[in-house]
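Architecture and fold: a report
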Amino acid sequence: MANALSPSDTSIDIPIEGMSCASCVSRVEKAIRAIGGVTSASVNLATERARVSLDPAHAAPERVIEAIRNAGYEARTGKVELAIEGMTCASCVGRVEKALRRVPGVLEANVNLATGRATIRYLGDASMSDRLASAVAATGYEARPIDNAERDTDRDAAARAAENAALHRSLLLALILTLPVFLIEMGSHFIPGVHEWIFETIGHQETLYLEFVLTTVVLFGSGLRFFRKGIPALLRLAPNMDSLVVLGTSAAYGYSLVATFLPDLLPDDAWNVYYEAAAVIVTLILLGRFLEARAKGRTSDAIRRLMGLQAKTARVVRDGTAMEVPLAEVRAGDVVQVRPGERIPVDGEVTEGSSYVDESMITGEPLPVQKAKGATVVGGTINKTGSFTFLATRIGADTVLAQIIRMVEEAQGSKLPIQQIVDRVTGWFVPAVMAAALITFAVWLWAGPDPALSFALVNAVAVLIIACPCAMGLATPTSIMVGTGRAAELGVLFRQGEALQGLKDIKVVAFDKTGTLTLGKPTLTDFMVAPGFSKGEVLRLVASVEGRSEHPIAGAIVETARHRDLAWPEPRQFEAIPGFGVAAFVDGRKVEIGADRFMGKLGLTVEHFADVAGRLGSEGKSPLYAAVDGQLAAIIAVADPIKPTTRSAIAALHRLNLKVAMITGDNRHTAEAIARQVGIDEVVSEVLPGQKVESIRRLRAQHGKVAFVGDGINDALALADADVGLAIGTGTDIAIESADVVLMSGDLRGIVNAVALSQATIRNIRENLFWAFAYNAILIPVAAGALYPVNGLSLSPMIAAAAMALSSVFVVGNALRLRWVRPAFDDNGQSAQAQSIAGEAA
């Protein structure tokens, strides 16, 4: 392998984890050098980096990662987000993506027209940002990395307002100047005698000069933005939407110039001016861009509202003094004071005081939650009544709210598989339109009615102007932005945009049991005493003994006794009897607690509670018994209660024609009892965490695509393997990281909302794509004059401009309908007919 770099080679630095000695270095170097497209590789143990030279024509960064991993090490990848300025249509998106993907080391690049951002995953160091920005600049667009500061809602709003203001000024100027040009040329069609009056008062040639001046200002004043972007794109042989506008208006304007100043160059029957066409086209397209920009601004309302939940300042105690500091200056470990009515600035743990906190933005629960010493608080939630002090544990990008915002942004910037259709088409769309315009001009110049030259020009310009790649580029991303934003407002976070499309096609929803269908916290559900015993006294004695046990059932019994304000002494001679139960002396009385087999060992019969035990068994509960001084005293049942919303959520899933399954490690008897209570169709019980994946694959083979819902560490594998994984947001971080969708509260009705929003969003995308493709497929031939031989219909370039402007506005407006998708249940938990909301976006 040659070590000298050729001029075309590009070097990248790859951080590598896991190397510990010179043998590791040698192994990694050998693995990388064996990859095609690698011209040299040098690994440094001290810096833990590999410097790899790639031939851009044969670069394969994915294979470099694979080679490093196969050698037993891990290559760290980077991720950067770029703000792209100057994109106007789907063709622009395609060119920027191609330019980014050609940069050696880039693993993945997605560009979003609606947000004007590109997300790139790469191999290399921080210098990759500059390379990526340079690659974008070479295609004629501007790019800059986005840091956390630029996610500030005020800055984003200011940038949008400035762009809208500039568009508004351009539109207003164009409208004022275009109106007289339009009236001069088209006035006679509406008011007889207008032309004669104008020519008599101003003069024919002077009128042409006036139109020339006004149109020139419109084109190179208000419309200069089209020329600045369209002409460089043409010179790079990479035409875009602006190029079509430039070609169309320039053709009409140029023909009019010849007719005005060099009329002898035109045949007598071909003399005409089209100043009004050029001016009206620019004005109408500016109007469309202005309306589109305003509508696009509303697509990110959800992100702005989420950012608006962040506090601006925090009251931090430093050196014994409380002071107001900007949110960015809060550090982990700071002591923060919160007063009534204030928004909690960052995540933390209460150290002093108590209050009720409104956490509805996170959990969706309308009732405030009590917070006392040791409780966790979340930044962005609102303190209601009291004051308290807490220790800041998560700040900045690590807070729950910041993670929610990041998840929503990533989902909004992602691409769905359905977008691949658009990507394949838009690469050749603008060149194809230009070719169609040339063919149209040639055909009508040869076979058109007199004057053929004018007729051919008008139709060719109409073809250039009516084509709308903007609508195709906006069809998918705008729907994703609005759909995922609306989902976030309903407490459903799509971590990946692909889950929007995947969730629509699921056939089975499989649930974990503990913490998902149930509360995940054992509770004392039944406590009955035998005749001659006091319920409070027996509970006090049992709680004293169980207070020495670490079993979850013991904890539930002790918690109930505490809530009843019972007090008990420390037990004496505590003994745990493996496989049977526990025993101890409390206040001199012998207390023994265990299953029926323990009572049998003690020589006690449990027949007195036979009916109760049978009922408990049918409910999936395992009864325990307590004996006091050698007499059967009580029957006890502890269970993990079913969440109040579980039954209604499963019923709603059934109404969506979905099969519901439960996969749990619990025993079959308990699992089947719970399944009967909540209406689950299929139960898979007594499985280990690794076996949950096998169960999901079996369900997939039997019924189709599977969504799995879980909350624990033992659910991570199943969440990752399912077609769509949904994690309960109140569960563990590892479960959330393994999932595609996060339900911020434990309310399972969020699953119904997620499915319904998925169906509504994909339906909306298909409507947009149908409109975008059908619009171009039907109206481009009409603009070319396809109907002229049939009924004499010929499309004016001005009408073509209006149609093109409205096409993009229609797509964005249709996507905005998703903002009003109703949740599956209203605030009172009443069903809103989940089966119908998927088809209703307004």
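The structure presented is a predicted model; accordingly, all values stated were derived computationally and were not measured. (Residues numbered from 1 in each chain as written. Predicted model: local features only at pLDDT ≥ 70, side-chain atom pairs only at ≥ 80, totals over all residues. Heavy atoms only, no water.)

1. Topic: the overall build of the chain
Within the chain one finds 31 helices and 30 strands. Burial analysis of the chain (842 residues in total) assigns 53% to the buried set. Pairs at least 24 residues apart make up 68% of the contacts formed inside the chain by residues separated by at least 6 positions. (Helix = DSSP H or I, 4+ residues; strand = E, 2+ residues; numbered from the N terminus. Buried < 20%, exposed > 50% of the residue type's maximum accessible area, 1.4 Å probe, protein only. Contact = heavy atoms within 4.5 Å.)

2. Concerning the environment of Ile635
Topologically, Ile635 is positioned in strand β25 (residues 631-639). Beyond its immediate sequence surroundings of up to four residues, Ile635 is in contact with Asp526, Phe527, Met528, Phe609, Val612, Ala613, Leu616, Pro623, Leu624 and Tyr625.

3. A short note on the pairing of strand β11 (residues 335-338)
Residues Val336 and Val338 line the buried face of β11, whereas the alternating positions Val335 and Gln337 sit on a face that is not buried. Across three bridges, the pairing between strand β9 (residues 313-318) and β11 is antiparallel. Of the residues in β11, the one forming a bridge with Val317 is Val335. Strand direction decides the pairing type here: β11 and strand β17 (residues 388-394), joined by four bridges, are antiparallel. Counted as the bridge partner of Gln337 is Thr389 from β17. (Pairing = 2+ DSSP bridges.)

4. Here we look at the pattern of salt bridges
Summed over all chains, the structure comprises 23 salt bridges. As a salt-bridge pair, Glu537 and Arg540 come within 3.0 Å of each other at their nearest N and O atoms. With a gap of three residues between them, Glu537 and Arg540 both fall in helix α19 (residues 535-546), about one helical turn apart. Assessed through its relative accessible area of 27%, Glu537 is described here as partly exposed. For Arg540, a relative accessible area of 15% translates into the label buried. Glu537 is the partner of Arg589 in a salt bridge, and the nearest nitrogen-oxygen pair spans 3.8 Å. (Salt bridge = Lys/Arg side-chain N within 4 Å of Asp/Glu carboxyl O.)

5. Considering the UniProt feature "transmembrane region" (unreviewed entry) in the chain
Those residues carrying the UniProt feature "transmembrane region" (unreviewed entry) are residues 170-188, 208-227, 239-261, 273-291, 425-447, 453-476, 769-788 and 794-816 in this numbering. Within the segment residues 769-788, helix and strand shares are 80% and 0% respectively, and the terminal C-alpha atoms sit 28 Å apart. (UniProt positions renumbered as here; feature names shortened; annotations may be inferred.)

6. Re the packing of aromatic side chains
Under the defined criterion, the tally for this structure stands at 13 aromatic pairs. Aromatic rings pair up to connect Tyr209, Phe212, Phe220, Phe227, Tyr253, Phe261 and Tyr275 into one cluster. (Phe/Tyr/Trp six-rings, centres within 6.5 Å; stacked < 30°, edge-to-face > 60°.)

7. A look at the packing of helix α15 (residues 452-466) against helix α30 (residues 797-816)
Axis separation between α15 and α30 bottoms out at 8 Å; the angle between their running directions is 5°. Classified by the angle their axes make, α15 and α30 are roughly parallel. Contact residues: Val458, Val461, Ala462, Ile465 and Ile466 in α15; Pro797, Ala800, Ala801, Ala803 and Met804 in α30. (Axes fitted to C-alpha atoms, helices over the stretch in contact; angles between N-to-C directions. Parallel < 35°, antiparallel > 145°, perpendicular 65-115°, else oblique.)

8. As for the confidence of the model for the chain
One rule of thumb: low pLDDT means the predicted coordinates there are not for detailed reading. Here the chain averages 80 in pLDDT, and 85% of its residues register 70 or above. Every residue in residues 149-153 scores below 50 in pLDDT, and together they form 14 contacts with partners more than four places removed in sequence or on other chains. Contacts for the low-pLDDT stretch residues 826-842, under 50 throughout, to residues beyond four places or in other chains number 38 contacts. (pLDDT = per-residue confidence, 0-100.)

9. Things to note about the sheet that holds strand β27 (residues 682-684)
Across the sheet, which stays open at both edges, the seven strands sit in the order β18-β30-β29-β28-β19-β26-β27 with mixed pairing between neighbours. The open sheet has two edge strands with one neighbour each: β18 (492-494) and β27. On average, adjacent strands in this sheet sit at an angle of 20° to one another, irrespective of strand direction. The pairing of strand β19 (residues 508-511) with strand β28 (residues 706-710) spans four bridges and is classified as parallel. By the bridge assignment, Phe511 is partnered in β28 with Val709.

10. Observations concerning the environment of Gly630
Summarising the element assignment, Gly630 is placed in the loop between β24 (623-628) and β25. Using a relative accessible area of 42% as the deciding quantity, one classes Gly630 as partly exposed. Residues Gly630 and Met599, 31 residues apart in the sequence, show an inter-C-alpha distance of 9.6 Å.

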